[in-house]
Amino acid sequence: MSLKYKSAAGRWVLLATVLGSSLAFIDATVVNIALPAIGRDLGADAAGLQWTVNGYALSLAALILLGGSLSDRFGRRRLFLIGVGWFAAASLLCGFAPTVELLIAARVLQGIGGALLTPGALAILEASFEPGDRARAIGAWSGLGGIGGALGPFLGGWLVMIGSWRYIFLINVPIAALVLWVTARHVPESRNPQAARSFDAAGLLSGAVGLGGLTYGFTAWPSHGPGDPVVLISLAVGVAGMAAFVAAERRSAHPMLPLQVFRTPAFTGANLVTFLVYAANGGVFFLVVVNLQVVAGFSPLAAGIALLPITILMLLLSARAGALGQRIGPRIPMTLGPIVCAAALGWLSTVGAGASYWTDVLPPVIVFGLGLSLLVAPLTATALGSLDDSYAGIASGVNNAVARAAGLLAVAVLPLAAGLGSGNLTDPATLSPVYRNVMLICAALMTAGAVLAWFLIPGRLEKPATDPNSFCDPCSPPMRPVSGRPAAHSS
């Protein structure tokens, strides 16, 4: 059954996917707040603390494409449930880890759970809602998910302050239990009935090695330097792995990633725009907060709150932007959104010593939030909606992998490209010109994304007409009546 965006059943599906995605999004950042407490409690050195963060990012990025493919093959709801349960179990292990080594291992397991649940969440939205409601549902998912990302650091700081760093992991368990209950009771199953049930072993191994090598290389780049053998070998292994992955998928009778999906210009264009835009976002969200503290003299709390208007604007406007993109087509919002963001970043590049939040920071932050609100929902809807519904999991997995790779690359490369050299980001004299250059580079990336969107994204999104019911599982839970129609199973 295809659901309506404002139906009771649709709201349950949206709740499950937002809460499930928030688990993975929040744990990607909230652990940073607890690192000092973890170091004191477990006696961890700098390398141990770094891998507490990187272990999660590495397994998540390396396996997220696999998660999307498996969800198409074996059922999006089923993989989502497995991912949420896996994530909850790994969170328990994190919460009770007696040593930093076991904590790192548990964080790697958390990343595997995140790789299973993250692409499944968007694929469920794409497969569950009626075509006319999908863009609004994805927009609402983007806005509501932003609340979790914004509240995560505050919640993490509060839990560490009142109790223990272990609480930031243990709190995942009751939230995951709620997600499991809502999903099992209210979310319909969907899959690609033509997908082979056998594993593409060559694609799985080469893809994991390729993404893992690239992720590790870019993660180690800032601390080791670009000429370090560890970085060079990791990047070389990553490139070789990705080349082997492409070769394996071309030869495979049942590939994990059917390469023909890239023959759809809108899908390829949306992912190219995603790479540029999320590379810019990675640089912005990494350096703006640092610059506000080191150069402008803001407190950590004030710097963290400074970007909160972006989240509020996305919450208020993302669903409307998704509906706008559905009505007028994705090209215009995907072109104007990055242009507005680029203008805001040029403005933000002027923030320096003695800056006032109300006159120097808040206005460009609001403009940036308006640009992202206009862009993100149509971009995500295009990346998912340009392919047949049977490829919803693959489309989500590819788009998530592209976005995460772009963010990792930005954090590793942009400070170096902006002239950091061997300098220190905690030195105001060093950071100030680097920050300005990074903002201008990010503005250029946004502008390039706008140009690509104008030429590669169609005025109207079209894809092969497919009966959504052909992808539903008769064993999924019965749904309540929608718009006066009789209650029925989701098949």
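Our subject is the structure listed above.
1. Some thoughts on the overall build of the protein
Reasoning step 1: Scanning the protein from terminus to terminus reveals 17 helices and zero strands.
Reasoning step 2: Entry remark: accessible area of the protein is about 19,000 Å², with carbon and sulfur atoms responsible for 70%.

2. Regarding a nonpolar patch on the surface
Reasoning step 1: On the surface, Leu272, Ile328, Ile332, Leu336, Ile339, Val451, Trp454, Phe455 and Leu456 cluster together into a nonpolar patch covering about 820 Å² of accessible area.
Reasoning step 2: Where the nonpolar patch is concerned, the elements lending two or more residues are α14 (331-348) and α17 (428-456).
Reasoning step 3: As for its position among the elements, leucine 272 is in helix α11 (residues 265-294).
Reasoning step 4: Leucine 272 gets classed as partly exposed once you look at its relative accessible area, which sits at 41%.

3. Let's talk about the packing of α11 against α17
Reasoning step 1: At a minimum axis separation of 9 Å, α11 and α17 run at an interaxial angle of 160°. Taken together, the axis directions place α11 and α17 in an arrangement best described as roughly antiparallel. Two packed elements cross with a definite hand, and for α11 against α17 that hand is left-handed.
Reasoning step 2: Residue composition of the contact of α11 with α17, by class: 25 nonpolar, five polar and no charged.

4. Examining the packing of aromatic side chains
Note on aromatic pairs: each is described by the distance of the centres and the angle between the planes.
Reasoning step 1: Applying the stated criterion across every chain yields a total of seven aromatic pairs.
Reasoning step 2: Look at tryptophan 165 and phenylalanine 169: their rings are 6.2 Å apart centre to centre, the planes differ by 85°, and that puts the pair in the edge-to-face class.
Reasoning step 3: By relative accessible area, which is 0% here, phenylalanine 169 ends up buried.
Reasoning step 4: It is arginine 331 that lies over the ring of tryptophan 454; its NZ or CZ is 5.4 Å from the centre.

5. Things to note about the side chain of threonine 274
Reasoning step 1: The topology assignment puts threonine 274 in helix α11.
Reasoning step 2: From its side chain, threonine 274 meets the backbone oxygen of alanine 270 in a polar contact 2.8 Å long.
Reasoning step 3: Ignoring any residue separated from it by four or fewer positions in sequence, one finds threonine 274 in contact with Ala279, Leu379, Asn399, Val402 and Ala403.

6. Considerations on the nonpolar core
Reasoning step 1: Membership of the largest hydrophobic core comes to 83 residues, with the highest contact counts inside it found for Leu292, Leu345, Phe368, Leu372 and Met446.
Reasoning step 2: Look past the residues within four positions of methionine 446 in its chain and what remains in contact with it is Val277, Ala280, Asn281, Pro338, Cys341, Ala342, Leu345, Phe368 and Leu372.
Reasoning step 3: Residues Val31, Cys94, Ile104 and Leu159 belong to the second largest nonpolar core, which totals 20 residues.

7. Examining the pattern of salt bridges
Reasoning step 1: The full count for this structure, using the stated rule, is three salt bridges.
Reasoning step 2: The shortest N-O distance in the salt bridge between aspartate 72 and arginine 76 comes to 2.6 Å.
Reasoning step 3: Among the residues examined, aspartate 72 registers a relative accessible area of 2% and is labelled buried.

8. Observations regarding the environment of glycine 371
Reasoning step 1: Here glycine 371 lies in helix α15 (residues 357-385).
Reasoning step 2: With relative accessibility at 1%, the residue glycine 371 sits in the buried group.
Reasoning step 3: Separated by 30 residues in the primary sequence, glycine 371 and cysteine 341 have C-alpha atoms spaced 5.0 Å apart.
Reasoning step 4: The residues touching glycine 371, leaving out its near neighbours within four places in the chain, are Gly337, Val340 and Cys341.

9. Re the layout of surface pockets
Reasoning step 1: Approximately 640 Å³ is the volume found for the second largest pocket.
Reasoning step 2: With seven residues, the top contributor of residues to the lining of the second largest pocket is helix α16 (residues 392-417).
Reasoning step 3: In terms of residue class, the lining of the second largest pocket is made up of 19 nonpolar, four polar and no charged.

10. Digging into the environment of alanine 266
Reasoning step 1: Relative to the helices and strands, alanine 266 is located in helix α11.
Reasoning step 2: Exposure remark for alanine 266: the relative accessible area of 8% places this residue in the buried category.
Reasoning step 3: Leave out the neighbours within four places in its chain, and alanine 266 touches Thr382, Ser386, Leu456, Ile457, Pro458 and Leu461.

11. Quick notes on the packing of helix α4 (residues 76-95) against helix α8 (residues 172-186)
Reasoning step 1: In the contact formed by α4 and α8, the axes pass within 9 Å of each other and the chain directions differ by 165°. What the angle tells us is that α4 and α8 run roughly antiparallel. For α4 against α8, the interelement crossing comes out left-handed. Note on element contacts: α8 touches α4 through Asn172, Val173, Ala176, Val179, Leu180, Thr183 and Ala184, opposite Arg77, Phe80, Leu81, Val84, Gly85, Phe87, Ala88, Ser91 and Leu92.
Reasoning step 2: Split into classes, the residues belonging to the contact of α4 with α8 amount to eleven nonpolar, four polar and one charged.

12. Structural notes on α11
Reasoning step 1: With 30 residues, α11 extends 43 Å between its outermost C-alpha atoms, agreeing within 8% with the 44 Å of an ideal straight helix rising 1.5 Å per residue.
Reasoning step 2: The sharpest bend along α11 measures roughly 25° and falls at leucine 287.

13. Some details on helix α5 (residues 100-128)
Reasoning step 1: Counted at 1.5 Å a residue, the expected span for α5 with its 29 residues is 42 Å, and the 41 Å between its end C-alpha atoms agrees.
Reasoning step 2: Most of α5 sits out of view: 23 of its 29 residues are buried.

14. Comments concerning the environment of proline 265
Reasoning step 1: Structurally, the position occupied by proline 265 is in helix α11.
Reasoning step 2: Take proline 265: its relative accessible area is 58%, and that puts it in the exposed class.
Reasoning step 3: Remark: the alpha-carbon pair of proline 265 and serine 386, spanning 121 residues in sequence, is separated by 8.6 Å.

15. Comments concerning the side chain of asparagine 399
Reasoning step 1: When you line up the elements, asparagine 399 lands in helix α16.
Reasoning step 2: In this structure the side chain of asparagine 399 is engaged in a polar contact, spanning 3.1 Å, whose partner is the side chain of asparagine 271.
Reasoning step 3: When near neighbours in sequence (up to four residues on either side) are disregarded, asparagine 399 contacts Asn271, Thr274 and Ala383.

Here is what the cut-offs are and how they apply
Residues numbered from 1 in each chain as written. Predicted model: local features only at pLDDT ≥ 70, side-chain atom pairs only at ≥ 80, totals over all residues. Heavy atoms only, no water. Helix = DSSP H or I, 4+ residues; strand = E, 2+ residues; numbered from the N terminus. Areas by Shrake-Rupley, 256 points an atom, 1.4 Å probe, with all protein chains shown as cover. Patch = residues over 30% accessible without salt bridge, like charges linked within 9 Å, V, L, I, M, F, W, Y side chains within 5 Å. Salt bridge = Lys/Arg side-chain N within 4 Å of Asp/Glu carboxyl O. Buried < 20%, exposed > 50% of the residue type's maximum accessible area, 1.4 Å probe, protein only. Axes fitted to C-alpha atoms, helices over the stretch in contact; angles between N-to-C directions. Parallel < 35°, antiparallel > 145°, perpendicular 65-115°, else oblique. Left-handed = near helix turned anticlockwise from the far one by under 90°. Nonpolar A, V, L, I, M, F, W, Y, C, P; charged D, E, K, R; others polar. Phe/Tyr/Trp six-rings, centres within 6.5 Å; stacked < 30°, edge-to-face > 60°. Lys NZ or Arg CZ within 6 Å of the ring centre and 35° of its normal. Polar contact = N/O pair within 3.5 Å; in protein donor to acceptor, adjacent residues only side chain to side chain. Contact = heavy atoms within 4.5 Å. Core = buried A, V, L, I, M, F, W, Y, C linked by side-chain atoms within 4.5 Å. 1 Å grid on protein atoms, 1.4 Å probe; cavity = no way out; pocket = protein on both sides within 12 Å on 5 of 7 lines; lining within 4 Å. Points joined across faces, edges and corners; volume = space filled by probe spheres on them. Expected span 1.5 Å × (residues − 1). Bend = angle between axes of the 7 residues up to and from the residue.

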